[in-house]
Amino acid sequence: MSILLLVSSFAVAQKTTGSIIGKVRDHKGKSLKGVVVEAKQDGKTFKQTETDDGGKFRLSDLEEGRYTVVFDKAGFSTAALTNIEVRAKGKNNLGDRLQMNVDQGTLVIVEASVYNQNGFVLYGAKVEVEEILSDGTTKKVGSGVSSRDGDVIFRFPEKPTTYRITASVKGLTASKDVEVNEAAIYRTALTLDLSK
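Undergrad: Would you mind showing me how to read the overall build of the protein here?
TA: Tallying secondary structure elements over the protein gives one helix and 15 strands in all. Relative to the compact-globule value of 16 Å for 196 residues, the protein shows a C-alpha radius of gyration of 26 Å, a clear excess of over 25%. Structurally, the protein occupies a C-alpha span of about 95 × 35 × 25 Å along its principal axes. Looking at the protein residue by residue over its 196 residues, the buried ones come to 33%. Nonlocal contacts in the protein, meaning residues at least 24 apart in sequence, comprise 57% of its contacts between residues at least 6 apart. Split by element, the accessible area of the protein, about 11,900 Å² in all, is 48% carbon and sulfur. Side-chain charges in the protein split into 28 positive and 25 negative, and the spacing between the mean points of these groups amounts to 6 Å.

Undergrad: Sorry if this is basic, but what is going on with the pattern of salt bridges here?
TA: Close approach of charged atoms lets side chains of opposite charge pair. Tallied over the entire structure, the rule returns nine salt bridges. Where Arg 87 meets Glu 85, a salt bridge forms, and the shortest distance between an N and an O atom there is 3.2 Å. For Glu 85, a relative accessible area of 28% puts it in the partly exposed group. Beyond isolated ion pairs, a larger network of salt bridges with shared partners links Arg 66, Glu 85 and Arg 87.

Undergrad: So what exactly am I meant to see when it comes to the pairing of strand β3 (residues 44-50) here?
TA: It is a general feature of regular strands that their side chains alternate between the two faces of the sheet. The pairing of strand β2 (residues 36-41) with β3 spans six bridges and is classified as antiparallel. Each bridged residue has a counterpart across the sheet, and for Val 37 the counterpart in β3 is Thr 49. In this antiparallel pair of consecutive strands, β2 and β3, the connection spans two residues, and Asp 42 shows a positive phi of 50 degrees.

Undergrad: What should I look at first to understand the packing of aromatic side chains in this one?
TA: Within this structure, the stated rule accounts for four aromatic pairs. For the pair Phe 46 and Tyr 67, a centre-to-centre distance of 6.1 Å together with 80 degrees between the ring planes defines the contact as edge-to-face. Of this pair, Phe 46 sits in strand β3 while Tyr 67 sits in strand β5 (residues 65-72); the two residues are 21 residues apart in sequence, bridging distant segments of the chain. The exposure class assigned to Phe 46 is partly exposed, which follows from its relative accessible area of 39%.

Undergrad: Sorry, what's going on with the pairing of strand β14 (residues 172-180) here?
TA: Pairing geometry for strand β13 (residues 161-169) and β14, over nine bridges, is antiparallel. Residue pairing for β14: Tyr 163 is matched across the bridge by Val 178. Hairpin geometry of β13 and β14 is characterised by an intervening segment of two residues between the two adjacent antiparallel strands and by a positive phi of about 50 degrees at Lys 170.

Undergrad: Would you take a moment to explain the nonpolar core for this structure?
TA: Most often, soluble globular proteins keep nonpolar side chains buried together rather than apart. By size, the foremost hydrophobic cluster in this structure holds 21 residues, and its most contacted members are Tyr 163 and Ile 165. Those elements giving two or more residues to this core turn out to be β9 (107-116), β10 (126-132), β12 (151-157), β13, β14 and β15 (184-192). Ignoring anything within four residues of it in the chain, the contact list for Tyr 163 reads Val 108, Val 110, Val 129, Glu 130, Glu 131, Val 141, Phe 156, Lys 176, Asp 177, Val 178 and Val 180. Listed in part, the 20 residues of the second largest apolar core include Phe 57, Phe 71, Ile 84 and Met 100.

Undergrad: Sorry if this is basic, but what is going on with the sheet that holds β15 here?
TA: Backbone hydrogen bonds are what pair the strands of a sheet, in a parallel or an antiparallel way. In space, the three strands of this open sheet follow the order β12-β9-β15, with mixed pairing throughout. Edge positions in the sheet fall to β12 and β15, since each of these pairs with one other strand and no more. Across the sheet, the axes of successive neighbouring strands diverge by a mean angle of 20 degrees, strand direction being ignored. Strand direction decides the pairing type here: β9 and β15, joined by nine bridges, are parallel. In the strand pairing of β15, Ile 109 is matched with Ile 185.

What counts, and where the lines are drawn
- Residues numbered from 1 in each chain as written.
- Predicted model: local features only at pLDDT ≥ 70, side-chain atom pairs only at ≥ 80, totals over all residues.
- Heavy atoms only, no water.
- Helix = DSSP H or I, 4+ residues; strand = E, 2+ residues; numbered from the N terminus.
- Rg over C-alpha atoms; globule rule 2.2 N^0.38 Å.
- Buried < 20%, exposed > 50% of the residue type's maximum accessible area, 1.4 Å probe, protein only.
- Contact = heavy atoms within 4.5 Å.
- Areas by Shrake-Rupley, 256 points an atom, 1.4 Å probe, with all protein chains shown as cover.
- Lys, Arg positive; Asp, Glu negative; His and termini not counted.
- Charge placed at Lys NZ, Arg CZ, Asp CG, Glu CD.
- Salt bridge = Lys/Arg side-chain N within 4 Å of Asp/Glu carboxyl O.
- Pairing = 2+ DSSP bridges.
- Phe/Tyr/Trp six-rings, centres within 6.5 Å; stacked < 30°, edge-to-face > 60°.
- Core = buried A, V, L, I, M, F, W, Y, C linked by side-chain atoms within 4.5 Å.
- Axes fitted to C-alpha atoms, helices over the stretch in contact; angles between N-to-C directions.

Below you can see the structure in the form of structure tokens.
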């Protein structure tokens, strides 16, 4: 009798559960490993897993219904997809449409503003960033062009270091060193004297 009951309950479980599968990428399209993926209803977590090396995940044995799928990984903003339906014996494939954005709170953000000798913004100035290494040598880590507001924004992983920001236009250059210690926004201004 107990064997029959066990087989019967297994058959019922087989009929009433489904799964959600998908792939998680970062904003550049690269697969994200180690993302914690949770299926929730009314704030309660029913299933949890992590993405594999290819950014893929599977939430199995979910009861029929609608779920909110939450994605969380250190260094990235938490993301969620709502109203994801699970049907009996069904497999809801979310594809690879989910992209997680870098959490700005975990980055070093360097904003460089470029001005001329009269204090007006310089549009189109070339701006390069070099990291000053412990042995005194430098390594180029970024470049850009000043916007119509005279600004260029660079984003780096959090770590204590010093960056050298150099702006150049018409053969003139100006540089400043920016020491960073933790995730934050660091601002600097560079002035190019075009009257020379």
